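Geometric and topological summary
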Amino acid sequence: MTQQGVRWSVDQVLALAPDSASRKAGSKLGAAGPWSGTGSSREGAVWGLCKGSGSTPYRTVVDVVGGSGAPGPAYKCSCPSRKFPCKHALGLLLLWSGGEASVPDDGQAPDWAEEWLAGRRRTQDEREAGRAGSPSGPADPEGARRRAERRAERITAGATDLEERLTDLLRAGLATAEQAGYGLWEETAARMVDAQAPGLASRVRELGAVPASGPGWPVRLLEECALLHLLDRGWLHRERLPDALAATVRTRVGLPSSPQGPPVRDDWLVLAQYDRTDPKLTTRRIWLHGAASGRTALLLSYGAAGRAPELTLPVGLVLDAELSAHPGTGGLRASLGEQFAPPAPTGVRPPGGTTAEATARYGEALRDDPWRESVPVTLDDVIPVPDGDSWQLADATGGTALPLTTAARSRPGLWRLVALSGGAPVKVFGECGHRGFTPLTAWPTGPGNAVRLC
Amino acid sequence: MNTGSSLPPPPAWEDLVTAALLGTDRRTPPGAAPGRGAPSALLDAAAAETVRRRAGLRPGPAAPRPRPAPEDRRPPLPPAAARRLALLLADRPGTAQGGRRGTTPDLVELLPQWLSAVNERGFAAPPESLPALLDAARARTDLRPAALRFAGPRALWLARLNPDWRFALRASPGGGTALPGPQEAGRIEQLWQEGLFAERVSLLAAVRARDPDAARELLEATWPTERAEDRLMFLDSLRAGLGPRDEPFLEQALADRSRNVRATAAELLSALPQSALAARMAVRAGACVAVDHTRDTPTLLVEAPHECDAAMERDGVSPNPPSGRGERSWWLGQLVEAAPLAGWPARLGGRTPEQIVAMPVADDWLGELHAAWCRAAVRQRDPDWSRALLGPPSAPGAGGPGAVSLAERAKLLGTLTAPVRAEWVAGFIAAHGLSEAFQLLGVCSVPWAAPLGRAVVDALNIARDAGSYPWSFSGVMGLAERCLDPSEAVRLDALLAVPDEQEDASPGAGGYWAEAFQRLCRTLRLRAAMTAELEVPA
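First things first, this report covers the structure right here in the doc. A quick note: this is a predicted structure, and the numbers were derived from the prediction, not measured.

Scanning chain B for helices and strands turns up 26 helices and three strands. In chain B, which comprises 538 residues, the share counted as buried stands at 47%. Restricting to contacts in chain B with at least 6 residues of sequence separation, those with at least 24 account for 68%. A total accessible area of about 26,000 Å² is found for chain B, and carbon and sulfur atoms account for 55% of it.

For the rest of this paragraph, the subject is the overall build of chain A. Helices and strands together make up the secondary structure of chain A, namely twelve helices and 16 strands. The C-alpha atoms of chain A give 24 Å as radius of gyration, which agrees with the globular expectation for 454 residues (22 Å, within 12%). Structurally, chain A occupies a C-alpha span of about 75 × 60 × 45 Å along its principal axes. Buried residues in chain A amount to 51% of all 454 residues. For chain A, restricting intrachain contacts to residue pairs at least 6 apart in sequence, the fraction spanning at least 24 positions comes to 61%. Roughly 19,600 Å² of accessible area belongs to chain A as shown, and the carbon and sulfur atoms make up 51% of that amount. Measuring between centres, the 51 positive side-chain charges of chain A sit 5 Å from its 50 negative side-chain charges.

Moving on: the packing of helix α5 (residues 141-172) of chain A against helix α7 (residues 198-209) of chain A. All names here are of chain A. For the pair α5 and α7, the least separation of the axes is 10 Å and the interaxial angle reads 20°. The angle between α5 and α7 falls in the class roughly parallel. As for how α5 packs across α7, the hand of that crossing is left-handed. Here R151, A159, L162 and L166 of α5 lie close against α7, whose contacting residues are P198, L200, V204 and L207.

This part takes up the pairing of strand β11 (residues 374-387) of chain A. All names here are of chain A. Of all 14 residues in β11, ten are buried, a share of seventy percent or more. Sheet topology places β11 next to strand β14 (residues 426-433); seven bridges connect them, and they run antiparallel. Considered in β14, the bridge of V382 is made with V426. Between the end of β11 and the start of strand β12 (residues 390-395), which pair antiparallel, lie two residues, with G388 showing a positive phi angle near 65°.

Residues and elements named next belong to chain B. For helix α11 (residues 228-236), the set of buried residues is D230, R231, F234 and L235. For α11, the angular spread of the buried residues around the axis is 135°, confining them to a single face. Elements in contact with the buried residues of α11: α8 (185-194), α9 (197-210), α10 (212-222), α12 (247-253) and α13 (259-270).

Turning next to the packing of helix α19 (residues 366-379) of chain B against helix α20 (residues 383-390) of chain B. All names here are of chain B. Viewed as axis vectors pointing N to C, α19 and α20 meet at an angle of 145°, and their least axial separation amounts to 9 Å. For the element pair α19 and α20, the recorded crossing hand is left-handed. From α19, H370, W373, C374 and A377 reach across to α20, where they touch W385, S386 and L389. In terms of residue class, the contact of α19 with α20 is built from five nonpolar, two polar and no charged.

Okay, the interface of chain A and chain B next. Taken together, the contact between chain A and chain B spans 67 residues of the former and 57 residues of the latter. Across the chain A-chain B interface, the total number found is four salt bridges. The salt bridge partner of A:E373 is B:R54, with a shortest N-O separation of 4.0 Å. Between chain A and chain B we count 22 residue pairs in polar contact (both at pLDDT 80 or more) in total.

Once that is clear, we can look at the packing of aromatic side chains. This structure, assessed with the given rule, holds 13 aromatic pairs over all chains. An angle of 55° between the planes, with centres 5.6 Å apart, marks the rings of B:F197 and B:F234 as tilted. Of the two residues, B:F197 is situated in helix α9 and B:F234 in helix α11; the sequence distance between them amounts to 37 residues. Ring centres 6.3 Å apart and planes at 55° place the aromatic pair B:Y469 and B:Y512 in the tilted group. Separated by 43 residues along the polypeptide, B:Y469 in the loop between α24 (450-465) and α25 (474-483) and B:Y512 in helix α26 (residues 509-533) bring together distant segments of the chain. Note on B:Y469: relative accessible area 23%, which makes it partly exposed. Through a chain of ring-to-ring contacts, three or more aromatic side chains come together here, namely A:W391, A:W415 and B:W165. A cation sits over an aromatic face here: B:R200 above B:W192, 4.2 Å from the ring centre.

Bringing unusual backbone geometry into the picture now. Trans peptide bonds make up the majority, and among non-glycine residues the majority have a negative phi. The linkage connecting B:V446 with the following residue, B:P447, adopts the cis geometry, with an omega of -5°. Note on placement: B:P447 falls in the loop between α23 (438-442) and α24. One non-glycine residue, A:Q196, adopts positive backbone phi at about 60°. Mapped onto the elements of the fold, A:Q196 is located in the loop between α6 (175-194) and α7. Note on A:Q196: relative accessible area 31%, which makes it partly exposed. Even without being glycine, A:D381 reaches a positive phi, approximately 50°.

All right, on to the sheet that holds strand β1 (residues 35-40) of chain A then. Residues and elements named next belong to chain A. Overall, antiparallel pairing links the four strands, which are arranged β1-β2-β3-β4 in an open sheet. In the strand order of this sheet, the two ends are held by β1 and β4 (74-77), each with one partner. Neighbour-to-neighbour, the strand axes of the sheet open up by a mean angle of 10°, direction not taken into account. Two elements, β1 and strand β2 (residues 45-50), share four bridges in a ladder whose sense is antiparallel. Along β2, the bridge assignment pairs S40 with V46.

Let us now look at the pattern of salt bridges. By the definition in use, this model includes 45 salt bridges over all chains. When the shortest N-O distance is used, the salt bridge between A:R265 and A:D320 registers 2.7 Å. Highlighted residues: A:R265 in strand β5 (residues 264-277) and A:D320 in strand β8 (residues 317-325), separated in sequence by 55 residues. By relative accessible area, A:R265 is classed as partly exposed at 49%. Here the residues in one salt-bridge network are A:R203, A:E223, A:E224, A:E373, A:R435, B:R53 and B:R54, joined through shared partners.

The rules behind these values
- Residues numbered from 1 in each chain as written.
- Chains lettered and ligands numbered in written order.
- Predicted model: local features only at pLDDT ≥ 70, side-chain atom pairs only at ≥ 80, totals over all residues.
- Heavy atoms only, no water.
- Helix = DSSP H or I, 4+ residues; strand = E, 2+ residues; numbered from the N terminus.
- Buried < 20%, exposed > 50% of the residue type's maximum accessible area, 1.4 Å probe, protein only.
- Contact = heavy atoms within 4.5 Å.
- Areas by Shrake-Rupley, 256 points an atom, 1.4 Å probe, with all protein chains shown as cover.
- Rg over C-alpha atoms; globule rule 2.2 N^0.38 Å.
- Lys, Arg positive; Asp, Glu negative; His and termini not counted.
- Charge placed at Lys NZ, Arg CZ, Asp CG, Glu CD.
- Axes fitted to C-alpha atoms, helices over the stretch in contact; angles between N-to-C directions.
- Parallel < 35°, antiparallel > 145°, perpendicular 65-115°, else oblique.
- Left-handed = near helix turned anticlockwise from the far one by under 90°.
- Pairing = 2+ DSSP bridges.
- Arc of directions from axis to C-beta.
- Nonpolar A, V, L, I, M, F, W, Y, C, P; charged D, E, K, R; others polar.
- Salt bridge = Lys/Arg side-chain N within 4 Å of Asp/Glu carboxyl O.
- Polar contact = N/O pair within 3.5 Å; in protein donor to acceptor, adjacent residues only side chain to side chain.
- Phe/Tyr/Trp six-rings, centres within 6.5 Å; stacked < 30°, edge-to-face > 60°.
- Lys NZ or Arg CZ within 6 Å of the ring centre and 35° of its normal.

If you want it as structure tokens, here you go:
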């Protein structure tokens, strides 16, 4: 794999933008006009001077490669913007995506850019050296153990408390939940936060929304209450569970996990990347598929309010890197280790299956993690088909189909998928679960690049 | 089945739900003992059942599949152009910043030009871009024809699945269903007899485009039974491909019950210089205008009609003038407008159109007469008369609204060939500056011809030196960004720097002008890049 000619698409660059205003501002700057002194290096750095309203142009530099321990692109710009990346960084990357005519290859970074790039390399080296020097463990193992014990006790108290509330509810009947309203659940969720069990807290909060979720809510409420009860019981009896299931319970309750598996080096195809934003936190989920290992892995990355999560991997590219799996929840969650090259274009597509195989895989995943909402699957040769007010993905041959989730139906990505298909079979990657299928990325049957749907 | 097991069968899910809804105090859940442990037992059973139900999920039956989209045989966009499209569509309307526009090009303004360039080259749109294209076309009606053409057959297929894009079906002939081909006489007949009004209008237009006579015959067959408004619309579609063989039908329509239909038929006939109506109008108009040789210079004498008789009315002359206009001049105007221009030289002593237009006119009739000739020149698309009526662009009268208003001048220019038009407007700008030029520039073909572009840049330069602010010229500046030939960018180099502030200039104007010229220059370079991206490497 050579690094030259590895330039991202417009779509991939625009996916970096923290918000739509930045997308707009960035695309305006993606023209040759205000830029001068642009260049890029073999090592994956891109730089340029952008003329703004002032007399001195802004100095913008992007490290596209990232490096071990500091993945994804990193940005530096002399503009005063608090957006990250700023519109200049986006504009520069757009210009770079346009090809060698606008941003030449193989350049030597100017001093101001080189300084920052060298600084980054130094910290990376130090970090690596640090990792090699003291391989594991915090400075005070005894203190850490005591802190962990205290937290487990608080979670146990929270889970016991929650059990009582659930049994009270079932004793009085779910019908009362409709009248009790949202406040009851908000208060319980707050108690779970106090108990340092964020996983329980968010499940409780979702519980509160169920009675207002339309017809069939009692069934959904019973399901969610029962699964929450199952999680409580799992936590309270975790020492009697098999290791993997106990790890899943710990993760579901909300304890942080760290990668344990040995690093697996592979060419990881970036299947999908999407963000969930709530007022305090943006959660980015990135699905990868290993060409050699055949494994599918999930990377999570977080950004505080107003900032995009730092890790960005353009959909459809392939990444030569090491991944380490986290314990529990079916082994899907992983952490990104060393990257050996920047993401590169590829013709590789993930292998797929039928709709029946997708639901079977979800069923199997529940064995390891009964709380799982969905599993990542690729469907081969499916056709998006309108079904009344809804949509489904139907096998091109055979008469079965998966309904799309409510969320997927209201996204613009649905129409990109329908347009891409044009009534013909396509390959679709997405999440398949008890609510239906959420398409995330699609490939045309003929030649063509991956199309983002999320 | 697991008959050997001693486990009891799982309780039915419905029974669990019922017990949960009512509460275990009122309903003991299946398989549990009443009392304190009942809620917990119910939750245990429900958890097992929930996981079991989820694990057992199977795909459902497939709904009937949509018919696949018709194939788009056009070549795909080159990769660089596909990237450009993504950028242009990402910069959607609603982004207009107030006040100063800065130095960066306005991508939204370039989308129409980009679309017409891809359409000229016959590229197909990338399928995944169709939703964004349809949304853009929905938001901007001016984009619709070009965007829908580029979007192609798959977009119409898509529009049938999404009510938000219904407009695409209305905007496209046949509403996206293929119109019958020339060989399908039966389907044509059926669609004409039974189709909805919009379908019939599209059908008539399509048939007219390939066989004018067949379209007229289709219309003749059902003419007496059509409603008046429909007759008017159908008649209007004969404008395309109008020819002498339409005359008998149009003559007959002159006797129509509807006044509007009669007027349209008369208008169409008057655009056929060989028609009997045109000849009748020539006689009537000719009787009103004569050369008076008794004066020092030959002068045109005008004697307006004294009445609007039934025959005139039948030929489409409207008898009642709008308020504020005299009856006789109103009738005269209509006669001269409908009379073939080619008849005037013979009638007026063998003079050329230039000589006729230059003649003095007695008794203040000049304005009325010239205005009517202008309308006739536009209707009959007569470039000789248009040139004569426009006069030389540098003439003092051309600078302000005289006998021929700016709007009329723009229409007259429309009858000239593109180079002649550009040359005239360039001359006009050189003599009169930019303040009146906006409307005239709008009818010039894009990119502007070299002399016209030069005239505009020179005039902008002069306006800058005169010390005003550039936003007084923002309309022309915006046009220049879209219409100036990209190769003219080099000519702007001298204008990009901020000049020294002059004492009498408006404060800061120099900087704003430099900014405006920088944006103009960047936009031109961007347009050049956009065009280059559309060239397929050999």
